[in-house]
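Here are the chains, one letter per residue:
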Amino acid sequence: MPLFADLLGWISAAVMLYGYAMVSSSRMAGDGLPYQVINLVGSVALMVSAASHSAWPSAILNVAWAMIGLAAVIRNARSDRRTVGLR
């Protein structure tokens, strides 16, 4: 499990840095669904990695980050459904 958790942590950190770089370079919208999904998936993976190493402050931070990301994904999905006339 430690090797898996380490790999998961490194990969998810790289994915989140990619999203941040894309937003910072104006290649991706910070309030768009792709960026929010990257943040949600990355934060959940980092939470698992941090918890497996008993790094509780980081794990709890990523729980909060995931909750914010989930709220943003839901908001974007609802907005997209309204745009195409669905409810």
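Residues numbered from 1 in each chain as written. Predicted model: local features only at pLDDT ≥ 70, side-chain atom pairs only at ≥ 80, totals over all residues. Heavy atoms only, no water.

Describe the overall build of the protein chain, with residues and values.
The helix and strand inventory of the protein chain stands at three helices and zero strands. Each helix and strand of the protein chain, placed in order from N terminus to C terminus, yields the pattern α-α-α. Dimensions of the protein chain, computed from C-alpha atoms along their principal axes, come out at roughly 45 × 30 × 20 Å. Put simply, the protein chain has 87 residues, and 29% of those count as buried. In the protein chain, of all internal contacts separated by at least 6 residues, the share reaching a separation of at least 24 is 52%. (Helix = DSSP H or I, 4+ residues; strand = E, 2+ residues; numbered from the N terminus. Buried < 20%, exposed > 50% of the residue type's maximum accessible area, 1.4 Å probe, protein only. Contact = heavy atoms within 4.5 Å.)

Go over the side chain of Asn62, please, and point to the residues and values.
Tracing the backbone shows Asn62 in helix H3 (residues 56-83). Excluding residues within four positions of it along the chain, Asn62 makes contact with Ser43, Leu46 and Met47.

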